[in-house]
Amino acid sequence: MPVNIDNEEETLLSFIQIYNHIKSVTKNNIILDFKKTKFVCGEIIVIIGVLYEIARTTDNTITMINISDKIKEILLSHDIFGNNTSMFSKNTAIHFKNFENDLLNNETDCFDTYAKDELLKNLSLGIDATDYIIKYLSEAFINARTHGKTNLICCCGQKYPNIQHVRFSIFDCGATIPCVVAPYINNRFHDNDAEYISWAVKMGNSTKPNSFGGLGLHDIEEFIKAYSGSLTIISRNGYYRNIKGTIRKRNMPSALFGTMIIIDIGYNTELLQLINKFKTNSKAVALEL
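What you see is a predicted model, and the numbers here were worked out from it, not measured in a lab.

A. Structural context of the environment of isoleucine 170. For isoleucine 170, the position within the fold is in strand S7 (residues 165-172). With a relative accessible area of 2%, isoleucine 170 lands in the buried category. Linking isoleucine 170 and alanine 140, residues 30 residues apart in sequence, is a C-alpha distance of 7.7 Å. Setting aside residues up to four positions removed in sequence, isoleucine 170 forms contacts with Leu137, Ala140, Phe141, Ala144, Ile153, Cys154, Cys155, Thr259, Met260 and Ile261.

Following this line, the structure appears as C-alpha cells:
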C-alpha cells in the first residue's frame, strides 16, 4: 500500500490496479500490506471499502497486515467494515456506505437521507446550506446510477472544519463515462478518455437528448469552483481534475472499470450566508461572489 493514501494520481493508480486484480480472480485471499502507510485521507477510504465490496462479489477475501493503530482507527471511524463501530467514530468522518441494497429496494431518498445525516453532524452549516450542498452531491449520485446503470454505488468522505472544507467521494462500479460518451459522439476522441470526461463536464453537453432535468456535471463543477473547491473524476483510463478553475487531465496506463468522483467544497461564514439567501437559485454561479 502507498505511503500516503490520498487523491494524487499515483495513489489512485495503485488502487486501480488492485481493484482490477480483485475483479479478475476468484477464491483468492488478497493481502493489503500497510507497512509503509503513514497517512490516509478520509475521502479516499471509499476505495478501500469498494475493494471489500468487489471481493465479496467475486468470492475473494481481503486481509490487512502491518496496519498501525492510527490507520486502523481511521478506517474504523469511517465504518468501512459495516460494524457500526461508533466507539471509534470521529465526528469529522463521513461514513462509508454501499447503497446497493437501498437502490434494489427502490429507496429513492436513500442518498439524500444519508448525506444530510452525515453533513449535519458537527458542522455549523445549518439546514438550508446543507440542503443546498446536497442538491449538487445528489446530482452526482444520480448521474452515477443513471449513466453507470448500476446499483453498486459507494460513498465516503471527510469533514475538515479547521480549513472549512467538506470532501466527498462517490464510486460506482458500472459503465464508465468514456464508455457512455464515446459512441454518442461517434468516438470523436478515439482512445483519449480524459477528453471524453472533459466533454461530459462542458456546459450543454449531455447524452440525454431533449432532457432538461437535473443539474449536470457542468453545474456541479461551477458550484464547486464558486466555493473554492475541486472536482476530480476518474473513469476508465481518463483522469480529470479541476482545482479552482485550473484543469489537469491525462490518460492513465491502467483503466478503472467504474467511475470515481471526488467533490471538495469550501465554505465560510460569508458563503454560508449567501447560500442561505439564494438557496432557491439553481446555480452557484448565479451568486454575486
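From this point, the discussion proceeds with the structure in view.
B. Seen up close, unusual backbone geometry. Unusually for a residue other than glycine, lysine 27 sits at a positive phi of about 55°. The exposure class assigned to lysine 27 is exposed, which follows from its relative accessible area of 65%. A positive phi is found at lysine 244, a non-glycine position, where the angle reads about 55°. Tracing the backbone shows lysine 244 in the loop between strand S8 (230-243) and strand S9 (246-266). For lysine 244, a relative accessible area of 59% corresponds to the exposed category.

C. Highlighting the pairing of S9. As defined by bridge partners, S7 adjoins S9 across 8 bridges and the pair is classed as antiparallel. Looking across to S9, one finds that valine 166 is bridged to isoleucine 265. Sheet topology note: the S8/S9 ladder contains 13 bridges and is antiparallel. Bridge assignment links isoleucine 234 to a residue of S9, and that residue is methionine 260. Taking the residues that link successive antiparallel strands as the turn, the S8-S9 hairpin has 2 residues, and the phi of lysine 244 there is positive, at about 55°.

D. Fine view of the sheet that holds S7. The strand order S5-S6-S7-S9-S8 describes an open sheet built from 5 strands, whose pairing is antiparallel. The open sheet is flanked by strand S5 (93-98) and S8, the only strands paired with a single partner. The average undirected angle you get between the axes of adjacent strands in this sheet is 15°. Each of S5, strand S6 (153-160) and S7 is contacted by helix H5 (residues 110-120), which is oriented at about 160° to S5, the strand it contacts most. Together, S8 and S9 form the strand contacts of helix H9 (residues 216-226), whose direction differs from that of S8 by roughly 35°.

E. Quick look at helix H1 (residues 9-24). Look at H1: 22 Å from first C-alpha to last across 16 residues, which is about the 22 Å you get at 1.5 Å a residue. Of the residues making up H1, those classed as buried are Glu9, Thr11, Leu12, Leu13, Phe15, Ile16, Tyr19, Asn20 and Ile22.

F. Looking closely at empty space enclosed by the protein. Tallied over the full model, the rule gives 1 cavity of 30 Å³ or more. Considering only enclosed or pocket space, the largest cavity measures out at about 70 Å³ in volume. Forming the boundary of the largest cavity are Leu12, Phe15, Ile16, Tyr19, Ile47, Phe171, Ile234, Leu256 and Met260. Take the lining of the largest cavity: its biggest share by element is 4 residues, from H1. Residue composition of the lining of the largest cavity, grouped by class: 9 nonpolar, no polar and no charged.

G. Quick peek at the pairing of S5. Most of S5 sits inside the fold, with 5 of its 6 residues counted as buried. Across 4 bridges, the pairing between S5 and S6 is antiparallel. The residue bridging asparagine 98 from the neighbouring strand is cysteine 154, located in S6.

H. Summary view of the nonpolar core. Phe111 and Ile263 are the most contacted members of the largest nonpolar core, which totals 43 residues. No other element matches the 8 residues that helix H6 (residues 126-148) contributes to this core. Counting residues in each nonpolar core, the second largest holds 41 residues, with Phe34, Val46, Cys156 and Met260 among its members.

I. Representation of the side chain of threonine 92. Relative to the helices and strands, threonine 92 resides in the loop between helix H3 (69-77) and S5. Here glutamine 158 takes part through its side chain, which lies 2.8 Å from a polar atom of the side chain of threonine 92. Excluding residues that lie within four positions of it along the chain, threonine 92 makes contacts with Gln158, Lys159 and Pro161.

J. Inspection of the pattern of salt bridges at higher detail. Under the defined criterion, the tally for this structure stands at 13 salt bridges. Of the charged contacts, one joins aspartate 102 and lysine 97 as a salt bridge, the two residues approaching to 3.2 Å between their closest N and O atoms. Between aspartate 193 and arginine 236 there is a salt bridge whose closest N-O contact spans 2.8 Å. Remark: arginine 236 occurs in strand S8 and aspartate 193 occurs in helix H8 (residues 193-201); sequence separation between them is 43 residues. Residue classification places aspartate 193 among the buried residues on the basis of a relative accessible area of 2%. Residues participating in the shared-partner salt-bridge network are Glu9, Glu10, Arg248 and Arg250.

Scoring rules and cut-offs
Residues numbered from 1 in each chain as written. Predicted model: local features only at pLDDT ≥ 70, side-chain atom pairs only at ≥ 80, totals over all residues. Heavy atoms only, no water. Helix = DSSP H or I, 4+ residues; strand = E, 2+ residues; numbered from the N terminus. Buried < 20%, exposed > 50% of the residue type's maximum accessible area, 1.4 Å probe, protein only. Contact = heavy atoms within 4.5 Å. Pairing = 2+ DSSP bridges. Axes fitted to C-alpha atoms, helices over the stretch in contact; angles between N-to-C directions. Expected span 1.5 Å × (residues − 1). 1 Å grid on protein atoms, 1.4 Å probe; cavity = no way out; pocket = protein on both sides within 12 Å on 5 of 7 lines; lining within 4 Å. Points joined across faces, edges and corners; volume = space filled by probe spheres on them. Nonpolar A, V, L, I, M, F, W, Y, C, P; charged D, E, K, R; others polar. Core = buried A, V, L, I, M, F, W, Y, C linked by side-chain atoms within 4.5 Å. Polar contact = N/O pair within 3.5 Å; in protein donor to acceptor, adjacent residues only side chain to side chain. Salt bridge = Lys/Arg side-chain N within 4 Å of Asp/Glu carboxyl O.

All we've got here are geometric facts, nothing functional implied.
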